[in-house]
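Summary of structural features
Chain by chain, the residues:
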Amino acid sequence: MRNTPILTIVVPCYNEQDVLPITAPLFGQKLADLAARGKIDPASRVLFVNDGSRDQTWEIICALAQQSPRYTGISQSRNRGHQNAVLAGLMEAKDSCDITISIDCDGQDDLNAMDEMVDAYLDGCEVVYGVRSKRDRDSFFKRFTAESFYRLLNWMGAEVVFNHADYRLLSSRVLQELAKFEEVNIFLRGMVPLVGFKSTSVYYERAERIAGKSHYPLRKMLALAFDGITSLSVKPMHMISALGVLIALISFVGIVWAAVEALLGSTVVGWASIVCIVCFMGGIQLLCLGVIGEYIGKIYLETKRRPRYIISDRTPAPESDAEE
Ligand code: UDP
Ligand code: MG
């Protein structure tokens, strides 16, 4: 490990023309500060990942890249979602830097936590999670859904750090290992702990979005939770098996009961109870088939081995770098 690591700040951007002109200089300033204090190498960069935005985001990134060699950008060929955008940025950066810090571009995550992250790296940690200390400023609904999301994930066996999103420092060693995780259904929050290495957390307060609006409504949060669970855990399958065993036991008792009643000659018409049982069993079976079907769908997508991101453009490298 060298003393002054080269840092790449990886910033996914999707339709962020309102907020990018405000936050981009903040990222640049942070790099300059850290470099001036001798914490990171002056060759450190900000790497914007344009996730197929339909507004002026890419033009803004290109203009930033012209303005200073500190800013670089790549563009995905279409919108693939936040996780894929972050992964594209990390994989792009992994061979040209010592550490990456991924952060959203909306100014919600406190940039000052980066100082502590870099310090933790210099102390020997290879993974540093940025954890929100409180969510006072989120609405009750957002806070409740987000916290339930972490509880559900942990309960389902996906090991995630509570209240940690995708603000984290990774060393190039971790990135090289992460690159070997070839799954298409990616959920970085769950995958990084699986890579291992020495890790720690730094705490920060999460602010409100500076401008623009959230791209994560409840529907997308549920989809992300579902991806997280199915990509990391087979617990729902175990639960189905357990439910199957339980229902089989109950049915067995039912059969014995029915046989005894029949032998005693006290059978009655019993139409209602049969209908109830049939409906109940039908419902359970469909539910179980649905969950199993979801996993098979995921297996289907994985077997296709489609690329997880396609980079269509890169900001041109500054001339001075080209000669190196
Ligand atoms: N983002 C992205 N692709 C998407 C949606 C979002 O790259 O399809 C980026 C977005 O530009 C932002 C980050 O992911 O930098 C987090 O999104 P957002 O702030 O909308 O989510 P929230 O903070 O509300 O969960
Ligand atoms: Mg946000």
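The structure contained in this document is the topic of the report that follows.

A closer look at the overall build of the protein
Scanning the protein from terminus to terminus reveals 11 helices and eight strands. Since a compact globule built from 324 residues should have a radius of gyration of about 20 Å, the 25 Å found for the protein marks it as more spread out than a globular shape. Summarising its shape, the C-alpha atoms of the protein cover approximately 95 × 40 × 40 Å along the three principal directions. Counting over 324 residues, the protein shows a buried share of 44%. Look at the contacts in the protein between residues 6 or more apart in sequence, and 83% of them connect residues 24 or more apart. If the 34 positive side-chain charges of the protein are averaged to one point and the 38 negative ones to another, these points end up 4 Å apart.

A word on the site of ligand 1
What surrounds ligand 1 is a group of 19 residues, the closest being E16, D51, D106, S214 and H215. Residue D51 places a side-chain N or O atom 2.6 Å away from a nitrogen atom belonging to ligand 1. Here a nitrogen atom of ligand 1 sits 3.5 Å away from a polar atom, N or O, in the main chain of H82. Taken by itself ligand 1 offers 530 Å² of open surface, and the protein chains cover 94% of this. Using a 2 Å cut-off from the grid points, one finds that ligand 1 occupies the largest pocket. Here the shell around ligand 1 is composed, by residue class, of six nonpolar, six polar and seven charged.

Brief notes about the nonpolar core
Ranked by size, the top nonpolar core spans 36 residues in total, and within it I9, V11 and F48 carry the most contacts. Breaking this core down by element, the ones donating at least two residues are β1 (7-13), α1 (20-36), β2 (45-50), α2 (57-67), β4 (99-102), α4 (113-122), β6 (164-171) and β7 (199-204). Ranked by residue count, the leading element in this core is α4, at six residues. Of all hydrophobic cores here, the second largest spans 25 residues; its members include L47, V86, L178 and V195.

Observations regarding the side chain of T23
The residue T23 is located in helix α1 in this model. Given a relative accessible area of 1%, T23 falls into the buried group. Within the structure, the side chain of T23 is placed 2.9 Å from the backbone oxygen of C105, a separation counted as a polar contact. Apart from the residues lying within four places of it in its own chain, the contact partners of T23 are C105, D106, G107 and I210.

Cut-offs used in this document
Residues numbered from 1 in each chain as written. Chains lettered and ligands numbered in written order. Predicted model: local features only at pLDDT ≥ 70, side-chain atom pairs only at ≥ 80, totals over all residues. Heavy atoms only, no water. Helix = DSSP H or I, 4+ residues; strand = E, 2+ residues; numbered from the N terminus. Rg over C-alpha atoms; globule rule 2.2 N^0.38 Å. Buried < 20%, exposed > 50% of the residue type's maximum accessible area, 1.4 Å probe, protein only. Contact = heavy atoms within 4.5 Å. Lys, Arg positive; Asp, Glu negative; His and termini not counted. Charge placed at Lys NZ, Arg CZ, Asp CG, Glu CD. Near = heavy atom within 4 Å. Polar contact = N/O pair within 3.5 Å; in protein donor to acceptor, adjacent residues only side chain to side chain. Areas by Shrake-Rupley, 256 points an atom, 1.4 Å probe, with all protein chains shown as cover. 1 Å grid on protein atoms, 1.4 Å probe; cavity = no way out; pocket = protein on both sides within 12 Å on 5 of 7 lines; lining within 4 Å. Sits in = over half its atoms within 2 Å of the grid points. Nonpolar A, V, L, I, M, F, W, Y, C, P; charged D, E, K, R; others polar. Core = buried A, V, L, I, M, F, W, Y, C linked by side-chain atoms within 4.5 Å.

Everything listed here is a matter of coordinates, which is why it stays silent on function.
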